[in-house]
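# A look at the structure
Now for the letters of each chain:
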Amino acid sequence: MLPLSKLASRAGRLALLAVALSPLFLFAASPVMNSKDSPKNPAPAACATDGPLSACGLPSKVVIDMSHRKVHHTDAEWRAILTPQQYSVMREQGTEPPFRNAYWDNHQDGVYVCAGCGTPLFDSRQKFDSGTGWPSFWQVIDPAFIEEQTDHSYGMTRVEVHCAVCGAHLGHVFDDGPDPTGLRYCINSASLKFIPRAEYDAWVKKTAAAAAAVAAKH
Ligand SMILES: [Zn+2]
């Protein structure tokens, strides 16, 4: 059995393990919709000028393979779990309006988890102001938690991104982001739930302990 500190340092992968283990470990914080963030990169992205009809703002048309997802719900269950806007974005690959969503201007320190399954996806430390009106990140917490699919809809070639655990559509990733990755994950707030840092750290600690206890029994 690994010491707790070592387990906690592997928080990202542990979270996926936790999801795989049992719904008991899914992040269960109450929805927190607030806003603040750190303006590190004020240069507006290329799609900022076109508002909701920009590359970020168009819905996607890719086919997401749901056969190997860790979290499954029927369509009726998703409709009951999610708000109508969340359902439209996450399950129908829709989009939300720029500047009129929960997190585009959120400057608080914390972690953004998938609103559908609780998997940690993005960290506020990798969030930047893209000028697009959507929350933008230059890195994902762990590439294993996100899958990409090439999207040729609307005469463009975009890279759609979705949650690897529940298949929820998140947004797109572009290659005009800031250093050090040069990536810009343009994500719908509707697909995310913000968890303040202290709350997230406490959850990681608790989850690590629970996962270690399960592992010790096998
Ligand atoms: Zn998910």
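One can find the structure itself at the top, above this paragraph.
Criteria and thresholds
- Residues numbered from 1 in each chain as written.
- Predicted model: local features only at pLDDT ≥ 70, side-chain atom pairs only at ≥ 80, totals over all residues.
- Pairing = 2+ DSSP bridges.
- Helix = DSSP H or I, 4+ residues; strand = E, 2+ residues; numbered from the N terminus.
- Expected span 1.5 Å × (residues − 1).
- Buried ≥ 20, exposed ≤ 12 C-beta atoms within 10 Å, placed from the backbone.
- Arc of directions from axis to C-beta.
- Axes fitted to C-alpha atoms, helices over the stretch in contact; angles between N-to-C directions.
- Contact = placed C-beta atoms within 7 Å.

Attention now moves to the pairing of strand 2 (residues 120-123). Where strand 1 (residues 110-114) and strand 2 come together, 3 bridges link them in antiparallel fashion. Within the sheet, the bridge partner assigned to Val-113 lies in strand 2 and is Pro-120. Between strand 1 and strand 2, which pair antiparallel and follow one another directly, the connecting turn spans 5 residues, one of which, Gly-118, has a positive phi of 85°.

So, on to the sheet that holds strand 5 (residues 146-151). Pairing in this open sheet of 6 strands is antiparallel, and the strands run 3-4-8-7-6-5 from one edge to the other. This sheet does not close on itself; its edge strands, each paired only once, are strand 3 (127-128) and strand 5. Here strand 4 (residues 136-137) pairs with strand 8 (residues 184-187) via 2 bridges, running antiparallel. Within strand 8, the position partnered with Ser-136 by the bridge is Cys-186.

This next bit is on helix 5 (residues 197-216). Compared with the 28 Å implied by 1.5 Å per residue over 20 residues, the 28 Å span of helix 5 between its first and last C-alpha is a close match. Among all positions in helix 5, only Tyr-200, Trp-203, Val-204, Thr-207 and Ala-208 are buried. Each buried residue of helix 5 lies within a common arc of 135° when the element is viewed along its axis, so the set occupies one face. Across from the buried face of helix 5, at angles greater than 90 degrees, the exposed residues are Ala-198, Lys-206, Ala-213 and Ala-216.

Of the consecutive residues Asp-179 and Pro-180, the connecting peptide bond is found in the cis state with omega at 5°. Tracing the backbone through its elements, the reader meets Pro-180 in the loop between strand 7 (169-174) and strand 8. Look at Gln-93: it is not a glycine, yet its phi comes out positive at around 55°. Relative to the elements of secondary structure, Gln-93 occurs in the loop between helix 4 (84-92) and strand 1. Despite not being glycine, Phe-99 shows a phi value in the positive range, around 65°. Secondary-structure assignment places Phe-99 in the loop between helix 4 and strand 1.

Read from one edge of the open sheet, 3 strands run 2-1-9, paired in antiparallel fashion. Each of the sheet's edge strands pairs with one partner strand only, and the pair in question is strand 2 and strand 9 (192-196). Direction aside, neighbouring strands of the sheet carry axes that sit 30° apart on average. Relative to strand 9, strand 1 is paired through 5 bridges, and the arrangement is antiparallel. Its bridge partner being in strand 9, Val-113 is matched across the sheet by Lys-193.

Counting through the fold element by element, Gln-139 comes out in the loop between strand 4 and strand 5. Along the backbone, Gln-139 and Phe-122 are 17 residues apart, and their C-alpha atoms lie at a distance of 7.2 Å. Apart from residues no more than four positions distant in its own chain, Gln-139 is found in contact with Gln-126, Thr-181 and Leu-183.

Interpretation note: all reported values are geometric properties and have no functional meaning in isolation.
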